[in-house]
Amino acid sequence: MTDLDDVPAPQGQLTLKLLASRQDTNLYGDIPGGWLVSHMDQAAELAAGREAGGRTATVAIEAMDFLCPVRVGSTVNIFTAVREIGHSSVKIDVEVWSRQPHERDGDELHKVTEARFVMVALDDKGRIRAVHQSA
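Now for a look at the structure at hand.

Cut-offs and rules
- Residues numbered from 1 in each chain as written.
- Predicted model: local features only at pLDDT ≥ 70, side-chain atom pairs only at ≥ 80, totals over all residues.
- Heavy atoms only, no water.
- Helix = DSSP H or I, 4+ residues; strand = E, 2+ residues; numbered from the N terminus.
- Buried < 20%, exposed > 50% of the residue type's maximum accessible area, 1.4 Å probe, protein only.
- Contact = heavy atoms within 4.5 Å.
- Areas by Shrake-Rupley, 256 points an atom, 1.4 Å probe, with all protein chains shown as cover.
- Lys, Arg positive; Asp, Glu negative; His and termini not counted.
- Charge placed at Lys NZ, Arg CZ, Asp CG, Glu CD.
- Pairing = 2+ DSSP bridges.
- Axes fitted to C-alpha atoms, helices over the stretch in contact; angles between N-to-C directions.
- Salt bridge = Lys/Arg side-chain N within 4 Å of Asp/Glu carboxyl O.
- Polar contact = N/O pair within 3.5 Å; in protein donor to acceptor, adjacent residues only side chain to side chain.

**Side note on the overall build of the chain**
- In terms of regular secondary structure, the chain is built from one helix and five strands.
- Expressed along its principal axes, the backbone C-alpha trace of the chain runs to roughly 55 × 35 × 25 Å.
- Per-residue burial for the chain yields a buried fraction of 37% across its 135 residues.
- Intrachain contacts of the chain at a sequence separation of at least 6 include 69% that bridge at least 24 residues.
- Accessible surface, the chain as shown: approximately 8000 Å² in total, 48% of it carbon and sulfur.
- Charge separation in the chain, taken as the distance between the mean sites of 14 positive and 20 negative side-chain charges, equals 6 Å.

**Focus on the sheet that holds strand S4 (residues 89-99)**
- Strand order in the open sheet formed by five strands is S1-S3-S4-S5-S2, and the pairing between neighbours is antiparallel. Both outer strands of the open sheet, strand S1 (13-19) and strand S2 (56-61), are each paired with one neighbouring strand and no more. Across the sheet, the mean angle separating the axes of adjacent strands is 30° when strand polarity is ignored.
- The sheet contact formed by S4 and strand S5 (residues 110-121) spans ten bridges and is antiparallel. Residue pairing across strands places serine 89 opposite valine 120, the latter belonging to S5.
- Helix H1 (residues 33-52) contacts S1, S2, strand S3 (75-85), S4 and S5 of the sheet and is inclined by roughly 45° relative to S5.

**A look at the environment of glycine 54**
- Inspection of the secondary structure assignment puts glycine 54 in the loop between H1 and S2.
- With 69 residues separating them in the primary sequence, glycine 54 and aspartate 123 have C-alpha atoms 8.0 Å apart.
- Setting aside residues up to four positions removed in sequence, glycine 54 forms contacts with Gly49 and Arg129.

**Observations concerning the pattern of salt bridges**
- Overall, the coordinates contain six salt bridges when judged by the stated rule.
- Here aspartate 93 and arginine 116 are joined by a salt bridge, their closest N and O atoms 2.6 Å apart. In this pair, aspartate 93 is assigned in strand S4 and arginine 116 in strand S5, connecting sequence segments 23 residues apart.
- By relative accessible area, which is 4% here, aspartate 93 ends up buried.
- For the salt bridge of aspartate 123 with arginine 127, the shortest nitrogen-to-oxygen distance reads 3.4 Å.
- Here the residues in one salt-bridge network are Arg83, Asp93 and Arg116, joined through shared partners.

**Here's the deal with the side chain of arginine 129**
- As for its placement among the helices and strands, arginine 129 is situated in the segment after S5.
- Aspartate 123 is the oppositely charged side chain nearest to the buried, salt-bridge-free arginine 129, at an N-O distance of 6.8 Å.
- Engagement of the side chain of arginine 129 in a polar contact is seen with the backbone oxygen of leucine 122, the distance being 3.0 Å.

**Section: the environment of glutamate 62**
- Position of glutamate 62 relative to the elements: it lies in the loop between S2 and S3.
- On the basis of relative accessibility, which here comes to 36%, the residue glutamate 62 falls in the partly exposed class.
- Those residues in contact with glutamate 62 that sit more than four places away from it in its chain are Ala115 and Arg116.

See below:
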């Protein structure tokens, strides 16, 4: 989503911040990628819902690579940025950055993953509608 930087920094607005706890682990005690994807989807829905003025649903998630693991006790920060608004869709860039629990530098974040989520606006009956309703 972003060009390579000498000092990478999160892009967009902090939308969700949570703690990776022991109850979130898989059989082996690791934080699974699916846990992250679920929270990324929630962040994308929040961002798209603000633009669409209501309910949205995920219709696509573009490629995602995991750059580093999330450890139990890490603070997970999910950033969103609206990239494109179509007739009924909103494309949201979502980035996940984490802070390890015993990091010496309390401000140091590590990029975990990023993806573009494509969301569509839905009406009360679950049908696709225009993002910006005419008055």
